[in-house]
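Each chain, written out:
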Amino acid sequence: MGAHGVKAVFFDLDNTLVDTAAAGRRAIEEVLPLSPPGPAAARASCLLKVISALQSKHHYGEGEARVICDKVQAKLLKECHDPAKMCITDLRISHWEEAIQETIGGEVNRNLAAECYFLWKTTRLRHLTLAEDTRGMLTELRKRVRLLLLTNGDKQTQREKIEACACQPYFDAIVVGGEQKEEKPAPSIFHYCCDLLGVQPAECVMVGDSLDTDIQGGLNAGLKATVWLNKAMTTPVDTSPVPHYIISSVLDLPAVLQKMEHKINANLGTDHMASSNE
């Protein structure tokens with residue numbers, strides 16, 4: 001990209017390079033499958049599997065399975081994990097344990113909760129894939145700039161995801177927030193990434209789907225640019241922080257980088273002409 005351009009690109013993992021949210025939903029559907037309420041819903045969400053661990057092995061009804069499913073999803077969304085107090089496995093088994101207890105009542109069934117959790121986890125990992133076109137884009141991009149994967153989260157969970165989607169060969173370095181003193185949006189983790197690659201913050205671009213962590217973090221660290229992946233391309237009521245660029249697909253990134261390069265070259269040309277006139 002030239003001596004004065006972008007030298008490195010940092011990518012977020014979850015819901016940027018891989019669709020973690022969809023994999024999680026599909027995993028819950030396979031653990032606690034729900035019968036589609038109608039043709040429209042079936043088309044919108046794909047076919048839900050019929051066989052259920054809870055229904056076939058433990059004789060829970062569809063309604064109970066639906067409630068448990070909703071409760072687990074809600075707990076995952078509100079999850080606050082402190083690795084110093086509890087490992088991620090115990091925490092997530094507790095989500096299932098609580099959801100089953102709140103729905104079914106009776107005695108706590110830790111074994112059933114663990115069974116559901118591990119089935120959900122292995123299913124989610126199986127559905128985590130790095131799309132072929134994304135692999136191609138990363139391969140081509142790496143010919144011109146250095147690439148780094150920067151993801152927040154529990155180290156065990158994130159390393160399992162990275163292994164599952166087999167994305168290691170496409171990056172010069174991988175940094176997991178749970179292995180560092182601070183996670184995104186703290187400037188320190190971005191500066192650590194710069195040091196790993198031997199580049200300056202002003203030579204790096206951050207790409208991610210989260211305004212709060214990816215975009216704010218890139219701005220906090222003084223990176224050259226931030227690129228927000230907004231798949232829905234809907235503008236929030238309060239778009240804060242403000243990214244430098246917005247894309248609807250990670251595959252649009254090369255065009256953004258090319259635009260940045262043209263802008264840099266144009267500015268350099270203007271500066272050169274001004275210097276010559278002086």
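Residue indices follow the written sequence of each chain, beginning from 1 at its first position. Owing to the predicted nature of the model, reporting of local features is limited to residues with pLDDT of at least 70; listing and counting of side-chain atom pairs is limited to 80 or more, with chain, interface and lining totals taken over all residues. Only hydrogens and water are set aside; all other atoms, that is, all heavy atoms of the structure, feed into the side-chain values.

Going by the annotation in an unreviewed UniProt entry, the name recorded for the protein is NANP phosphatase, with Circaetus pectoralis given as the source organism. Reading the Cofactor (unreviewed entry) entry of the UniProt record for the protein gives the comment "Mg(2+)". UniProt positions are given in the numbering used here, feature names are shortened, and annotations may be inferred rather than shown by experiment.

**Student:** Could you give an account of the environment of Gln168, with specific residues and numbers?
**Tutor:** Segments assigned H or I by DSSP are reported as helices when at least four residues long, segments assigned E as strands when at least two residues long, and all are numbered from the N terminus. Along the chain, Gln168 falls in the loop between α8 (155-165) and β3 (173-176). Distance in space between the C-alpha atoms of Gln168 and Leu149 is 8.7 Å, their sequence separation being 19 residues. Among all residues touching Gln168, those that are not within four sequence positions of it are Ile162, Glu163 and Ile174. Any two residues whose heavy atoms approach within 4.5 Å at even a single point are treated as in contact.

**Student:** Could you give me a rundown of the packing of aromatic side chains, with the residues and numbers involved?
**Tutor:** Classification of ring pairs rests on two measures: the distance between centres of Phe, Tyr or Trp rings, Trp counted by its six-membered ring, which must be within 6.5 Å, and the angle between planes, read as stacked under 30 degrees, edge-to-face over 60 and tilted in between. A complete count under the given rule lists 3 aromatic pairs for this structure. Seen from their ring centres, Phe11 and Phe171 are 6.2 Å apart, and the 75° between their planes marks the pair as edge-to-face. Of this pair, Phe11 sits in strand β1 (residues 8-11) while Phe171 sits in the loop between α8 and β3, and the two are 160 residues apart along the sequence. Partly exposed residues are those whose accessible area sits between 20% and 50% of the maximum for their type, while under 20% is buried and over 50% is exposed, using a 1.4 Å probe and protein chains only. Phe11 gets classed as buried once you look at its relative accessible area, which sits at 0%.

**Student:** Give a description of the sheet that holds strand β2 (residues 146-151) that names residues and reports values.
**Tutor:** Strand pairing is assigned whenever DSSP detects at least two bridges linking the two strands. Strand order in the open sheet formed by 6 strands is β3-β2-β1-β4-β5-β6, and the pairing between neighbours is parallel. Both outer strands of the open sheet, β3 and β6 (245-247), are each paired with one neighbouring strand and no more. Each strand of the sheet is rotated relative to its neighbour by a mean of 20°, with strand direction disregarded. One ladder, built from 4 bridges, connects β1 with strand β4 (residues 204-208); its direction is parallel. Across the sheet, the residue bridging to Ala8 is Cys204, located in β4. Axis definition: a line fit to C-alpha positions, over the contact stretch in the case of helices; interaxial angles, taken between N-to-C directions, run 0 to 180 degrees.

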